[in-house]
Every structure is written in structure tokens, then in C-alpha cells.
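A structural walkthrough
This is what each chain is made of:
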Amino acid sequence: MPDDHATFPKSGRPKPSLATRLSHAGRAGTHVHGFVNPPVHRGSTVLYPDMATRAAMGNARFEQAMVYGVLGGPTHHALEDVVAEIEGGTRCQIVSSGLAAVTTPLLAYLSAGDHCLMPDAVYGPARGFCDGLLARMGVETTYYDPCIGADALSALFRPNTKVLYTESPGSHTFEVQDVPALAAVAHARGAKVLMDNTWGIHFFQPFLHGVDVSIQALTKYVVGHSDVLLGSMTTNSVEDWEIVRGTTLALGQYASPDDCWLALRGARTMAVRMQRQMQSALTVARWLEGRHEVKQVLYPALPGAPGHEIWKRDFTGACSLFGVVFQPGYSEASVHGMTEALELFGMGASWGGFESLALPTSVTRTAGSGDFGGQLLRLHVGLEDPGDLIADLEAAFPRLQANSVP
Ligand SMILES: *Cc1c(COP(=O)(O)O)cnc(C)c1O
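An account of the accompanying structure is given in this report. All figures in this text were calculated on a predicted structure; none of them were measured in a lab.

Details of the side chain of Arg245
By the element assignment, Arg245 lies in helix H8 (residues 238-250). Glu80 provides the closest opposite charge to the buried, salt-bridge-free Arg245, at an N-O distance of 5.1 Å.

Overview of the environment of Ala191
With respect to the secondary-structure elements, Ala191 resides in the loop between helix H7 (179-188) and strand E5 (192-196). Here Ala191 falls in the buried class, since its relative accessible area comes to 4%. C-alpha separation for the pair Ala191 and Arg13, spaced 178 residues apart in sequence, amounts to 37 Å. Non-local contacts of Ala191, meaning those with residues more than four positions away in its chain, are made with Phe157, Thr161, Lys162, Val163, Leu164, Ala186 and Asp212.

Notes on the sheet that holds E5
Read from one edge of the open sheet, 7 strands run E1-E7-E6-E5-E4-E2-E3, paired in mixed fashion. On the outer flanks of this sheet lie strand E1 (91-95) and strand E3 (140-144), each paired with one strand and no other. Strand-to-strand, the axes of this sheet are offset by a mean angle of 20°, without reference to chain direction. Summarising the sheet, strand E4 (residues 161-167) and E5 pair through 5 bridges and their orientation is parallel. Bridge pairing in E5 places Glu167 opposite Asp196. Packed on one face of the sheet, H8 meets E1, E5, strand E6 (213-217) and strand E7 (231-235) and runs near 15° to E1.

Calculation rules
- Residues numbered from 1 in each chain as written.
- Predicted model: local features only at pLDDT ≥ 70, side-chain atom pairs only at ≥ 80, totals over all residues.
- Heavy atoms only, no water.
- Helix = DSSP H or I, 4+ residues; strand = E, 2+ residues; numbered from the N terminus.
- Buried < 20%, exposed > 50% of the residue type's maximum accessible area, 1.4 Å probe, protein only.
- Lys, Arg positive; Asp, Glu negative; His and termini not counted.
- Salt bridge = Lys/Arg side-chain N within 4 Å of Asp/Glu carboxyl O.
- Contact = heavy atoms within 4.5 Å.
- Pairing = 2+ DSSP bridges.
- Axes fitted to C-alpha atoms, helices over the stretch in contact; angles between N-to-C directions.

See below:
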């Protein structure tokens, strides 16, 4: 029986696979009388046994130490240990949303007068943060083609470039980035490599590919049930963790322990959900590929899809979020009509839950990338039977045709 989440796995045995670690990491162990799950620790005040202890806690903000609620408690730290397992990192810091996990490390590594490189396909609110708050603080952002090569990226670097941000694949248009090649350029120039790894989760091990800080919207597959917002930043070194944690605490960022507990519960079943959802997504994607209305399916796991070769090289699997490009000639209104006709795919933002979603995609680009030659629809495949999902799509396709008549 594991006796402490911090010491799992016990020494002397080879590291077990992720599915096993997701079952065993972050448990309560002997701390709560043998109950499997840790309790929810809520709290602001933490009582010190004596003043000497309080004096010794001066540096506690750089430990997973429990001296005041905002620094986190046992429930936060149990989840942080599980997320570090998922990403293969050293340490993790939880924040209140995926977006906070995007903005906090940008604020941690960028100061007035610095320059940041962002992929053109980046998550929309990240673009909004760069163009808004970061610009106001005197940080300049250059957007680059997500499929850029090392030489062209190198030419975009300036002496004051402090951050190379990556998101692979892009969560609306699914460009797979050559992260190891781009990270090598950044490190040669002394810049940090941040990555939004929400799509790849455990299928992309960021620290084996040159990433310094890996961002997760835990809201998506880790929580897995569309009922909690949470984010995480995982690092591969204690030094980077201290920088990220320092900024988290300076901002007063805090996540609810109840939400952390729900994310821990979600993580227990994540490996099996992902396996099933990937298989279902492949089934639905292959069916869509055969439709004459579909120009292209943007799913890196699909042989022949854009980015498939890099995906095969760097990823061990895929999540169940992908895009569809319709043939030119189908109007936006027609795609909206088809989406509204779906009965099992809900229309809504977010993804990674148990339920399927469909959302027409609008593309914002400033670096010239992103001409897909047709309307885009993003699909999230949930835990429903893929045969039922295909039947739902099949029933909605006539709406696309009817609406496309001029
Ligand atoms: C959803 C999402 C986020 C933000 O997560 P929230 O918890 O919704 O704030 C960040 N990055 C990507 C790629 C996302 O899809």
C-alpha cells in the first residue's frame, strides 16, 4: 500500500506506466487512517506550534509547505504531484483556471522592454493577454507561423526576446509544431520555452522536447467532467518552479481545494477515458474524411493529415479534439445551420469532458498563416458511442447542402 504520495513509487522498482501512476499517485496513504483518497483540506489560517517554527517558515513559499491557506494545502499538493507525474516534470503549481496558467508564466518571465514570440494559432485569450495587458506593460509580441522552421524562427529573435511560447497542436486549427527544433533555437538565444500542452496531455512529454514550463488547462481532460476550471504550470527544474510560484503568490492566485479534489478524482480515470476518446475520434474522423462535403480533416493522429509526421515522431497518442475543413462553397451560415441540427454534439466552448461538442471556428491571424480554403468546424468527441455520433453527423449533413444553395 502506498504510504505517502510524495514517495511513490517506492525505490528499487522500475517506474510503472502512466495508467498505474494515475491510480496510485497523490493518495492520502497512512495520513488518514488508510482511507484511499485524501480528504479536502480547506483553510486560511494554519496554526504554528511555537514561534521558532514560525521563524523557520520564512522561506516556506518555496516549499510545498503549509503555513497559510493561499500558499496551498495538502489537497493542492496532492494534485500538483499527480500533474507532475502526467507531464514528467519536477514540480507543478496549480492556479484557478487554464487561462491563469497561461498568463502567470508570461508575467513571470517578461518585464517592460522585453519581447515575446507567440504562435499565430495560439489560444485566443492568450493573444488577447499579449495584445492587451502585456503591451500596456511595455512587452512587445511578435506572432509567428506555428509551422515555422528553426532558421526562420531564429531570424525573429531579438536581443530582448525572453520567451518563446508554443502551443502544439493549435487548439482550433491543429498545426503541429516542431517543438524540439524551436526550443533549441530559443535556448541558444537564452530565452525560456513555454508550452500550452493541453491537447497533448500525457501523450506529449514536454520536458523530453525542450520545454521549460508546461501549461495545462486541467479544465479539459484531467477534470474530464465539464464541472471545474483549473490550470497548472509544471517545470523541469526547481529554479523555474520558484519563479513561477513566486509570481503565482505575488498575484494572489489561489484554487479551491474542492476543485483540486475533483481534478484528482478526474485524473484517476483519465488514461482510460483518453484511450477510448482517441479511438472514437479516429473513427469519427475517418468517416468524415470519406464525405464529399469535407475538404480535409485536421487531426494530427490521422495518417495524411497536416502535422501527422511530427505527431508520430513526438506524441504517443492524441486527444479527441480535431477540426474539419469543408469544401469551398459552403457558407458560414450553412455550417452554422448544420451545427445547430446536431443533437448529440452540443454547441459550446471548452472540451475534454465526457460529452461531445461542435463549434464553428473563426480564425484570427496576423502572421499570414491559416488559409484553409473553406469553413472550419471543431469537434470534440466525448464518451458516447461513436456509431451514434456518426449517425448524428450524417443526419445533420443535409442542412449543409440545403443552406449552400445561393
Ligand atoms: C481552454 C483552454 C485554455 C484555458 O483554460 P480555462 O480553464 O478554460 O481557462 C488554455 N489553453 C487552451 C489550449 C485551451 O483550450
